[in-house]
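Secondary and tertiary structure notes
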There are 2 protein chains.
Amino acid sequence: MTSAGPRRNDQAGLAAEAAAGGGLSFEGRIRTHYRGLPESERRIADLILEFPGEVAAYSATELAKLSGGSKAAVTRLVRRLGFANFDEARRAARDAQTWGSPLYLLSKKAPSGNFGARIEEQIDQDVRNISLTLEQLQADVFDDIVDAICEARRVFLLGYRNSHYLAGYARGQINQVRGDVYLLPTAGETIAEEIADLTVDDVLIVIGFRRRVAEVPRAMAAAHAAGAKVLYVTDRSAEAAPPATWTIPCAVRGKDLFDRYAAAMSLLHFLCVAIVDRLAAKGRGRLQRIENLHEELHDFD
Amino acid sequence: MTSAGPRRNDQAGLAAEAAAGGGLSFEGRIRTHYRGLPESERRIADLILEFPGEVAAYSATELAKLSGGSKAAVTRLVRRLGFANFDEARRAARDAQTWGSPLYLLSKKAPSGNFGARIEEQIDQDVRNISLTLEQLQADVFDDIVDAICEARRVFLLGYRNSHYLAGYARGQINQVRGDVYLLPTAGETIAEEIADLTVDDVLIVIGFRRRVAEVPRAMAAAHAAGAKVLYVTDRSAEAAPPATWTIPCAVRGKDLFDRYAAAMSLLHFLCVAIVDRLAAKGRGRLQRIENLHEELHDFD
DNA sequence: GATTGTTTGAAACTTGAATTTCAAAAATCT
DNA sequence: AGATTTTTGAAATTCAAGTTTCAAACAATC
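So, here's what we can say about the structure. In this text the structure is predicted, and so the values were computed from the model without any measurement. Position labels on residues start from 1 in each chain and follow its written sequence. Think of it this way: whatever chain is written first is A, whatever ligand is written first is 1, and the rest follow in order. A pLDDT threshold of at least 70 governs which residues receive local features in this predicted model, and a stricter bar of 80 or more applies before side-chain atom pairs are shown or counted, although totals over entire chains, interfaces and linings include all residues. With hydrogens and water excluded, all non-hydrogen atoms of the structure serve as input to the side-chain values.

1. Quick word on the sheet that holds strand β6 (residues 246-250) of chain A
Residues and elements named next belong to chain A.
- Strand order in this open sheet of 5 strands is β3-β2-β4-β5-β6, and the pairing throughout is parallel. Looking at strand neighbours, the two that pair on one side only are β3 (181-184) and β6, the edges of this open sheet. Across the sheet, the axes of successive neighbouring strands diverge by a mean angle of 15 degrees, strand direction being ignored. We call two strands paired when DSSP finds no fewer than two bridges between them. Numbering of helices and strands runs from the N terminus, with a helix taken as a DSSP run of H or I at least four residues long and a strand as a DSSP run of E at least two residues long. Axes here mean lines fitted to C-alpha atoms, for a helix over just the part in contact, with angles spanning 0 to 180 degrees between N-to-C directions.

What follows is the structure in structure tokens.
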């Protein structure tokens, strides 16, 4: 079994390969060896982890330069990961990509039908949405938002249906680095109580994508009226003047039946890491936790 | 023609650009010279036009083989296009990708400059991850997965922490088009009961990204042993032989403290729409609901 | 502090990829 | 058709990328 990708985990025959490191993705191999990696090789491994897939386009010499090490270190790493030589590693990295490779189109031509094309279409749509969403952000507004979330006494995230999961995700991330972050609605409960309780010191982040729910505009209006800052993350077909302090429109439409939330994820991620940076810079928030997160980055389980 | 400027400009207007170091893209150069290209070189050019960007990962020898020509032809083409040598061309191809340029690689040393640059960086990272994730899917395996989910008596989605929200999202989407789709763990409860109850007719979809939880491998092993089909969606540093029927590795790493799940979203979206298509084609699932979804597409609230 | 084992990059070495050469083959022109 | 130019790939050559070696620097152990 050579390729990465969704693979049948056929039990027999794996043992031998696994020992040699075969059948694993580049990253998988790095993972299994990461702990025992010496400084210089680990720096190269880190580089590869940050840019998987890029390996194929870079020479060992370039990787050495970029990681600040020597060519010898690259050779040593590649060997340790179980490849015979750098060239074998490069091939492995390149061939993991089934679609979009010349080899594929030239060899198999017809059999897969248009699966490759469908894939490329999916990618295009998400790329477009992500670009649209992030590129329209304005530095000063975004800064205000991040600042408000960092300084707020309490942060509430509100979302229903699909939006609820996005809100939950964001809540989880923000909660890692500062306290008093709450997800609404809590199971089964109505949100009336919490909304009524909001003050000027609080921030309410509303994730309000399509298939809207009547509660949302009401809650936003109430929160806004109470002086709480309101961030409204929604799709681009949303109304013009919602009762919010800030509105971020997010591209979610595509050709498919369901809306696509990759761009929303991308946006929330960006927001969350911006919050981390800001908190760290201010020396506020859960600094110890942030410290730990940095260390845990290279734990693979 | 001597060392300094091996650029042939037969068109006056291009002189300035080319002299400045070849401001033209790889594709642009091919187009400019295409008509005057001899047979063997044109075949190579065609190959490159189909996969600009991919060129970087291939050697001149491979391009020669793939196009059915000789190495000499590749060298000649590259020269004719105005590059000093194949290596210069390879670099150009690589850097044409907005991501993956040495410039980009080095930019991580400059502590994230202006807002626009940070945005572009975010976009690049997600684009990269999405491409990595989707392009490695294999049509037949993916088909099996979709089919299994459509035909299963019951579908369970399991995920903890961040993965729980992704699982919840997917559950919500799949639940729109077929019944008996369950999210685990249910609030507060342990999963032991449901896992013990799994049969060969069930499918368990495990979302198992980093910061892994001890329950997950246990549950997977139990489910697998009970004969249920198990789809394991995880990051690319996954172990070699998980107890799953299928494993889909998903690119989630980037330069930030938190993992980025845009690619995971993209993958789950693709999976969900594939399920809808399949169900519709089979005339199974909640056909009326699917019908409604189509109509609701243009409702904006 | 001596001993043993690692880790490291510079430099020598090896190998294979890219370039050049060259003569045959194909195309174009007269 | 004959002459001239262009195109072509096999083979020889060149050159750089990747590997190996090795001694110094560093760590760990006794």
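Still more to cover.
2. Here's the deal with the packing of helix α8 (residues 115-135) of chain A against helix α13 (residues 262-282) of chain B
- Two elements in contact, α8(A) and α13(B), have axes whose closest approach is 11 Å; the angle formed by their N-to-C orientations is 130 degrees. Compared by their axis directions, α8(A) and α13(B) come out oblique. Here α8(A) and α13(B) pass one another in a crossing that is right-handed. Here Phe115(A), Arg118(A), Ile119(A), Gln122(A) and Asp126(A) of α8(A) come into contact with α13(B), specifically with Ser266(B), His269(B), Phe270(B), Val273(B) and Ala274(B).
- All amino acids are sorted into three groups, where Ala, Val, Leu, Ile, Met, Phe, Trp, Tyr, Cys and Pro are nonpolar, Asp, Glu, Lys and Arg are charged, and the leftover types, Gly among them, are polar. Residue classes in the contact of α8(A) with α13(B) are distributed as 5 nonpolar, 3 polar and 2 charged. Working rule for angles: under 35 degrees goes down as roughly parallel, over 145 as roughly antiparallel, 65 to 115 as roughly perpendicular, anything else as oblique. Crossing handedness is defined as follows: a turn of the near helix away from the far one that is anticlockwise and smaller than a right angle gives a left-handed crossing, while the clockwise case is right-handed. By the convention used here, residues are in contact when the closest approach between their heavy atoms is within 4.5 Å.

3. Considerations on the protein's contact with DNA strand C
- Any residue with a heavy atom lying within 4 Å of a molecule or strand is counted as near it. What surrounds DNA strand C is a group of 16 residues, the closest being Ser40(A), Thr61(B), Thr75(B), Arg79(B) and Phe86(B).
- Put simply, 65% of the atoms of DNA strand C that lie within 4 Å of the protein are in sugar or phosphate.
- Whenever a nitrogen or oxygen atom comes within 3.5 Å of another N or O atom, the pair is scored as a polar contact, on the condition that within protein one atom can donate a hydrogen and the other can accept it, and that pairs from neighbouring residues in sequence are kept only if both atoms are in side chains. Within the side chain of Ser70(A), an N or O atom sits 3.4 Å from a phosphate oxygen of DNA strand C.
- A distance of 2.7 Å is found between a phosphate oxygen of DNA strand C and a side-chain nitrogen or oxygen belonging to Thr75(B).
- Elements supplying a minimum of two residues to the surface near DNA strand C: α3 (39-50) and α5 (71-80) of chain A together with α4 (60-67), α5 (71-80) and α6 (86-96) of chain B.
- Sorting elements by how many residues they give to the surface near DNA strand C places α5(B) first, with 4 residues.
- For the surface near DNA strand C, the residue count by class is 5 nonpolar, 6 polar and 5 charged.

4. Examining the packing of aromatic side chains
- Whether two aromatic rings pair depends on their centres lying within 6.5 Å, for rings of Phe, Tyr and Trp, where Trp uses its six-membered ring; planes under 30 degrees apart make the pair stacked, over 60 edge-to-face, and the rest tilted. Going through the model one piece at a time under the given rule, you end up with 14 aromatic pairs over all chains.
- Between the aromatic rings of Phe115(A) and Phe142(B), the centroid separation amounts to 5.6 Å while the plane-to-plane angle is 50 degrees, which identifies the pairing as tilted. Taken as a pair, Phe115(A) in helix α8 and Phe142(B) in helix α9 (residues 139-151) lie in two separate chains rather than in one. Taken individually, Phe115(A) and Phe142(B) each receive the classification buried, so the pair is uniform in this respect. Classification of residues uses two cut-offs on accessible area relative to the type maximum, computed with a 1.4 Å probe and protein chains only: under 20% is buried, over 50% is exposed, and between them is partly exposed.

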